[in-house]
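# Architecture and fold: a report
Next come the chains, spelled out residue by residue.
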Amino acid sequence: MGKATSLRGAMGVLAALAFTALATVSAAAQDAAKGEITMGSWGGGTSAAWRSIIKPFTDRTGIPVRVVEWPDPQPVIRAQAGNPQYNAGVMNYVDAYRLAKAGMLQTFRPEQVPGISHIPPEYLLKDKDGAIIGVPVYFQYYGIAYNVNEAKASDFESWDSLADPKWKGKLGIARSKDSATYDLTLYAHIHGGSDTNIEPGIPLLRGLAANSIAVTAAMAQMNTLLSRGEVAAVPYYSARFWGPQALPNASIVLPREGGLMLPYLVAVPKGSKHPAASLAWLNYVLEAQPQLTILHGSGYIPFNADAKPDGEDLGRLGMPVADLLKRLYEPDWGTVADHQEERINLVEQISAQVK
Amino acid sequence: MPTGRSLYLALLPAILLLTLLTFGLAKLIAVSFDTGHGIGLASYVGFFARPDYVRMLWRTLLVALATTVICVLIGYPTAWFISRCQAHRSLFLLLVILPWLVSVVVRTYGWIVLLGNKGLINNLLVLMGATQRPIPLMFNLVGVIIGLVHISLPFMILAILAAFRHLDGALAEAAMSLGARPWQSFRRVILPLTMPGVMSGCSLVFLSTTGVIVTPLLLGGLRDGMMGTQIYQEMFIVFSYPKAATMAVLLALCGVLVIVPLQWLERRMSRHSRAAQA
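What this report covers is the structure whose coordinates are included nearby. (Residues numbered from 1 in each chain as written. Chains lettered and ligands numbered in written order. Predicted model: local features only at pLDDT ≥ 70, side-chain atom pairs only at ≥ 80, totals over all residues. Heavy atoms only, no water.)

### Thoughts on the packing of helix 4 (residues 89-97) of chain B against helix 7 (residues 141-166) of chain B
Residues and elements named next belong to chain B. For the pair helix 4 and helix 7, the least separation of the axes is 9 Å and the interaxial angle reads 150 degrees. As summarised for this structure, helix 4 and helix 7 are arranged roughly antiparallel, according to the angle between their axes. When you trace helix 4 past helix 7, the crossing you get is left-handed. Taken together, the residues of helix 7 that come into contact with helix 4 (itself represented by Arg89, Leu93, Val96 and Ile97) are Pro154, Ile157, Leu158, Leu161 and Arg165. Here the contact of helix 4 with helix 7 is composed, by residue class, of seven nonpolar, no polar and two charged. (Axes fitted to C-alpha atoms, helices over the stretch in contact; angles between N-to-C directions. Helix = DSSP H or I, 4+ residues; strand = E, 2+ residues; numbered from the N terminus. Parallel < 35°, antiparallel > 145°, perpendicular 65-115°, else oblique. Left-handed = near helix turned anticlockwise from the far one by under 90°. Contact = heavy atoms within 4.5 Å. Nonpolar A, V, L, I, M, F, W, Y, C, P; charged D, E, K, R; others polar.)

Spelled out as C-alpha cells, the structure:
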C-alpha cells in the first residue's frame with residue numbers, strides 16, 4: 001500500500017513537472033513568436049527617457065524592449081548592414097535619409113503605422129518613392145546657449161550677434177558635420193538663402209568661426225565648457241536645458257529670427273528580426289502618452305498633435321508647442337543630406353582660414 | 001627547442017596575425033585608389049589639392065615630433081631615476097603606468113579642468129600675480145601637446161627604463177675610476193648605451209601620436225585638427241572610405257619615413273652597445 005502510494009505520488013510530481021515544463025516552453029514559444037525589441041538610442045538622458053516608456057508597452061503586448069546606447073546611428077547601422085542587431089533606433093532626419101538612400105532602413109506604408117495620422121504630414125520623412133522612413137517622435141531646437149556669468153540672453157537677440165568681434169575667442173562652434181548640416185542651413189535661411197543655396201549663410205558662419213575658441217567635439221565636452229564658462233556661448237541643443245538635468249550656469253535663447261527644428265524619428269534597420277514586434281513598437285511610440293513621458297524626462301518635444309504638454313512641462317517650454325513651431329525653421333532634410341559631404345568640406349576650409 | 005609540427009603550431013598565431021595585417025594593409029591601399037568607377041589617383045589628387053589637408057599632415061608630424069622630443073626630455077631622467085631607485089622602484093613604476101588605468105577621454109577632460117582659462121593653473125597664475133589675464137593653454141597646439149605628452153610618456157619611460165636595466169653599472173664606475181667626470185661618464189658611456197631604449201621609445205611615441213583622435217578633438221582649437229581626427233571623420237561621419245584610406249596611407253608612409261631611419265639607428269646603436277659592454 002505504502003509502495004503504491006509513493007509510486008502514485010512520484011508520478012504526480014513527474015506529471016506536475018512535465019506540465020510546468022510544457023507551460024514554460026509554450027510561454028517561451030509564444031514570447032519568441034511575439035519577438036523582442038533592441039532599440040538603439042544616444043546615451044544619457046535620451047536613453048533614460050526611452051527606458052521610461054518601455055513598461056506600458058511590454059505590459060500591453062508582452063514584447064520585451066531593451067534600450068542600448070549607441071554613439072551614432074549611421075556607423076552602427078552601416079557596420080551591421082545585412083545582419084542588423086537592432087530592431088529599431090532613434091536618429092535625426094539627415095542620418096535617416098542617408099541610411100534610407102543607402103538601402104539600409106525599412107520603409108513603411110501609412111496603413112502599416114496607423115498612428116502616423118497623428119503626426120502633421122509636413123514632418124514625415126519620405127524616400128523618393130513616397131514611402132515613410134521611420135516614424136517621427138519628437139524634436140528639439142537649435143538655439144544659442146550661453147553661460148549666465150559670461151553673457152546674457154539680450155546679447156544674442158539675433159544670430160548675427162555670433163559674428164560680433166566682441167566675442168572673439170569666447171564662443172564655441174559645432175563640429176564641421178553639424179555646422180554644415182545645421183548652422184549653414186539656418187544662417188542661409190535667415191539671410192535669404194535656401195536649402196539648395198547656402199551661400200548667404202557663409203559670412204555669418206565665417207564670423208562665428210573667427211570668434212570661436214572651441215569646437216563641440218562631444219556633448220559632454222561642450223556641456224563642461226559651457227557650464228564652466230570656458231565658452232561664453234555656442235549654437236546648441238534645447239534639450240540640454242530641461243528640468244533637473246539642465247546644464248548648470250547656462251541657459252538657451254531663441255533669437256528673434258527663430259531657430260532650427262531638429263526632428264528625430266524611430267526607424268527600423270532593413271532585414272532586422274521580429275518585424276511584427278518592430279511595427280508594434282513604432283505604433284506605440286507614435287502615441288501621445290509615450291511622447292509626453294519622453295518630454296517630461298528629457299525635453300524632447302512631441303510630434304503627436306494630441307500630445308499637449310501642460311503644468312510643469314508647459315512652463316519649462318515657455319510657450320505652447322504650436323507657438324514654438326511657428327518660430328522654428330524646418331528645412332528639406334533630404335536636400336540638406338544630399339549636400340552634406342560637400343558642405344562639410346566647405347566648413348573645414350572656412351575653419352582652416354580662420355586667423 | 002620546438003621542432004617540426006610543434007614549431008609550426010607555435011608560429012600559427014603569428015602567421016595568422018601577419019596575414020590579417022597584410023590583407024588589411026593591401027585592402028587599405030586598394031581602397032585608397034578606388035575612384036567609385038575604377039582605379040585612379042583621384043583621392044590623392046584631391047588630398048593634395050586641399051592646402052588645409054596638407055597643412056594638417058605637416059601639423060600632425062610636427063605635433064608628433066614635439067611630443068616625442070618632450071617625452072624624451074622628461075622620460076630619460078625619470079627612467080634613470082627609477083632605475084637607480086632600489087627601494088621603491090615598483091611604486092614608481094606603478095605611478096608611471098597609473099594614467100593607463102584611466103580612460104583617455106576622462107584624462108583629457110581632466111586637462112580641461114586644469115588648463116582652461118578658468119582652470120586651476122590659470123587661476124593660480126592670476127592669483128599669484130604671474131599674469132594679469134589667463135594664458136591660452138588649451139584649444140591650441142600647446143594643449144594638444146600637453147595632453148599627448150601625458151598619454152605617451154609612460155611608453156617612453158618604460159622603453160628607456162628597459163635600456164637602463166640592461167646597463168652594466170660597473171661601466172660608469174670604470175669610466176669614473178679612469179678619470180672621467182660625471183658629465184663625461186654620462187655622455188661617453190651611459191647615454192650611448194641607453195640610446196637603443198630612447199630610439200624604441202621614440203618609435204612608439206611618434207607612431208602612436210600620429211594617429212591620435214581624442215586629444216586634438218578635445219584640447220585642440222578650430223584650426224588644430226590632426227590626421228587621426230580627420231580619418232575618423234571621413235570613416236564614421238562622412239563615410240568617404242577612399243578619402244579616409246588615402247589619408248591613412250599617407251600617414252603610414254610618413255611614419256615609415258621617420259621610423260625606418262630610427263630603427264636603423266637603434267640596431268646600429270644596439271650592436272655598438274653590445275660590443276662596448278662585451
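### Here we look at the interface of chain A and chain B
The partner chain B presents 28 residues to the 31 residues of chain A that form the contact. Summing both partners gives a buried area of about 2500 Å² for chain A against chain B, and 59% of it is carried by carbon and sulfur. By the criterion of area lost to chain B, the three top residues of chain A are Ile213, Arg228 and Glu230 of chain A, representing 21% of everything that side buries. For the interface between chain A and chain B, the tally reads two salt bridges. As a salt-bridge pair, Glu150 of chain A and Lys118 of chain B come within 3.0 Å of each other at their nearest N and O atoms. On inspection of chain A and its partner chain B, the count reaches 15 residue pairs in polar contact (both at pLDDT 80 or more). Only helix 4 (73-79), helix 6 (176-190), strand 6 (212-216), helix 8 (219-228) and helix 14 (340-352) of chain A provide two or more residues apiece to the side of chain A that touches chain B. Tallied by class, the residues present in the side of chain A that touches chain B amount to 13 nonpolar, eight polar and 10 charged. (Buried area = accessible area lost by both parts, 1.4 Å probe. Salt bridge = Lys/Arg side-chain N within 4 Å of Asp/Glu carboxyl O. Polar contact = N/O pair within 3.5 Å; in protein donor to acceptor, adjacent residues only side chain to side chain.)

### Overview of a nonpolar patch on the surface
All names here are of chain B. There is a patch of nonpolar side chains on the surface, built from Leu91, Leu94, Leu95, Leu98, Leu101, Val102 and Val106 and spanning about 630 Å² of accessible area. Per-element accounting of the nonpolar patch gives the leading share, three residues, to helix 4. The residue Leu101 is located in the loop between helix 4 and helix 5 (104-115) in this model. (Patch = residues over 30% accessible without salt bridge, like charges linked within 9 Å, V, L, I, M, F, W, Y side chains within 5 Å. Areas by Shrake-Rupley, 256 points an atom, 1.4 Å probe, with all protein chains shown as cover.)

### Examining the packing of aromatic side chains
Counted under the stated rule, the structure contains 33 aromatic pairs over all chains. Measuring from ring centre to ring centre gives 4.4 Å for Tyr138 of chain A and Tyr300 of chain A, while their planes differ by 25 degrees; the resulting arrangement is stacked. Remark: Tyr300 of chain A occurs in the loop between helix 10 (288-298) and strand 10 (301-302) and Tyr138 of chain A occurs in strand 4 (residues 135-147); sequence separation between them is 162 residues. A relative accessible area of 2% places Tyr138 of chain A in the buried class. Pairwise contacts between aromatic rings join Trp42, Trp50, Phe57, Tyr138, Tyr264, Trp281, Tyr284 and Tyr300 of chain A into one cluster. The ring of Phe239 of chain B has Arg78 of chain A sitting right over it, with the charged end atom 4.2 Å from the ring centre. Here Arg50 of chain B stacks its cationic end above the ring of Tyr53 of chain B, 3.9 Å away from the centre of that ring. (Phe/Tyr/Trp six-rings, centres within 6.5 Å; stacked < 30°, edge-to-face > 60°. Buried < 20%, exposed > 50% of the residue type's maximum accessible area, 1.4 Å probe, protein only. Lys NZ or Arg CZ within 6 Å of the ring centre and 35° of its normal.)

### Description of helix 5 of chain B
Between the first and last C-alpha of helix 5 of chain B there are 16 Å, a value that for 12 residues agrees with the 16 Å anticipated at 1.5 Å per step. Lining the buried residues of helix 5 of chain B we find helix 8 of chain A together with helix 6 (120-127), helix 7 and helix 10 (214-219) of chain B. Among the residues of helix 5 of chain B, the N-terminal cap falls to Ser103 of chain B, whose side-chain oxygen and the backbone nitrogen of Val105 of chain B are separated by 3.1 Å. (Expected span 1.5 Å × (residues − 1).)

### Topic: the pairing of strand 3 (residues 88-92) of chain A
All names here are of chain A. Among the five residues of strand 3, five are classified as buried, and the element is accordingly described as predominantly covered. The side-chain alternation of strand 3 yields two buried faces, one formed by Ala88, Val90 and Asn92 and the other by Gly89 and Met91. For strand 1 (residues 37-41) and strand 3, the ladder comprises two bridges, and the chain directions are parallel. Residue pairing across strands places Gly40 opposite Gly89, the latter belonging to strand 3. As paired strands, strand 3 and strand 9 (residues 259-267) are joined by four bridges and run antiparallel to one another. Looking across to strand 9, one finds that Gly89 is bridged to Ala267. (Pairing = 2+ DSSP bridges.)

### Description of the side chain of Ser240 of chain B
By secondary structure assignment, the location of Ser240 of chain B is in the loop between helix 11 (227-238) and helix 12 (241-277). In this structure Ser240 of chain B touches Glu341 of chain A together with Glu234 of chain B, once residues within four positions along its chain are discounted.

### So, the side chain of Ser41 of chain A
Residues and elements named next belong to chain A. Relative to the helices and strands, Ser41 is located in strand 1. Relative accessible area serves as the criterion here: at 0%, Ser41 is assigned to the buried category. If sequence neighbours within four positions are ignored, Ser41 has contacts with Thr46, Ser47, Trp50, Val67, Val68, Glu69, Trp70 and Val90.

### Looking at the pattern of salt bridges
Residues and elements named next belong to chain A. Taken as a whole and assessed by the stated rule, the structure comprises 17 salt bridges over all chains. For Glu111, the salt bridge identified is with Arg109, shortest N-O distance 3.0 Å. Notably, a salt bridge pairs Asp155 with Lys166, separated by 3.6 Å at the nearest N-O pair. Here the residue Asp155 occupies a position in the loop between strand 4 and strand 5 (171-174), and Lys166 occupies one in the loop between strand 4 and strand 5, the gap between them amounting to 11 residues. For Asp155, a relative accessible area of 15% puts it in the buried group. Residue classification places Lys166 among the partly exposed residues on the basis of a relative accessible area of 47%.

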